Amino acid sequence: MTQDPTSTKQRLLVAAKEEFAAHGIAGGRVDRIAELAGVNKERIYGCFGSKQKLFDQVVAAALDELTEAVPLQAGDDPAEYVGRVYDFHRANPVLVRLFLWEGLHYRDAALPNEAQRATHYEQKVAALAETFGAEASPQVAACLLSLIGLAAWPTAVPQMTRVVLGTTQPDLRTHVVAFARQALAGSLPIPAADA
């Protein structure tokens, strides 16, 4: 009786997601991934070609998961978007850890799917610009990056969150949404093109 290759590949992706989130690509072990997935480690190479390619697919799937769960459309309230991103990362801290490991691994080198990611974020920048009644620009892109950072940072560095806030933590979601709203209130924090 043969095993469904799609099922095997999916089990490997799920196992690799946990392994890479815990140990990164350098510390992640194909033996542990295979054992967790219940397959021979040679299936990793048969399905993905290498540990590197498996890692890249895991991170790409994580980004797809985030994109689907937390879209940004023209007209969306940017502060509420921050709240949705915050909620997503609190519920899925594994994804933030994967993105951090990816950053440590690639550093300034190009990502395997960088053009696809750039297109994804260009669409978000365009939606945010339209919400602001502005043109897409590096300033709007910087605003998007700041909003995402505001939402993700407490989950990305839970130790800092704990040390800074101590045991009597405020409702952090309410705080980040209110902070984003206040930062965006009044005039848009984007200089005019001719300034």
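Residues numbered from 1 in each chain as written. Predicted model: local features only at pLDDT ≥ 70, side-chain atom pairs only at ≥ 80, totals over all residues. Heavy atoms only, no water.

A. The arrangement of the overall build of the chain in detail. For the chain, the helix and strand inventory stands at 10 helices and zero strands. Overall, the C-alpha framework of the chain stretches about 65 × 40 × 30 Å when taken along its three principal axes. Counting across all 195 residues of the chain, residues that qualify as buried make up 36%. At a minimum sequence separation of 6, the contacts of the chain that also span at least 24 residues come to 64%. Taking the average place of the 18 positive charges on the side chains of the chain and the average place of its 22 negative ones, the gap between the two points comes to 9 Å. (Helix = DSSP H or I, 4+ residues; strand = E, 2+ residues; numbered from the N terminus. Buried < 20%, exposed > 50% of the residue type's maximum accessible area, 1.4 Å probe, protein only. Contact = heavy atoms within 4.5 Å. Lys, Arg positive; Asp, Glu negative; His and termini not counted. Charge placed at Lys NZ, Arg CZ, Asp CG, Glu CD.)

B. Local environment of the environment of Leu172. In this fold, Leu172 is placed in helix H10 (residues 172-184). Not counting residues within four places of it along the chain, the set of residues in contact with Leu172 comprises Tyr86, Pro154, Thr161 and Leu165.

C. Quick peek at the packing of aromatic side chains. Considering all chains together, one arrives at one aromatic pair under this definition. Residues Phe20 and Phe55 carry aromatic rings whose centres are separated by 5.2 Å and whose planes lie at 90° to one another, so their mutual orientation is edge-to-face. Taken together, the positions of Phe20 in helix H1 (residues 5-27) and Phe55 in helix H4 (residues 51-69) put the pair 35 residues apart, joining distant regions of the chain. (Phe/Tyr/Trp six-rings, centres within 6.5 Å; stacked < 30°, edge-to-face > 60°.)

D. Representation of the pattern of salt bridges. Applying the stated rule across the entire model yields eight salt bridges. Arg32 is paired through a salt bridge with Glu19; the nearest N and O atoms lie 2.6 Å apart. Here Arg32 is found in helix H2 (residues 30-37), whereas its partner Glu19 is found in helix H1, with 13 residues between them in sequence. Exposure remark for Arg32: the relative accessible area of 37% places this residue in the partly exposed category. (Salt bridge = Lys/Arg side-chain N within 4 Å of Asp/Glu carboxyl O.)

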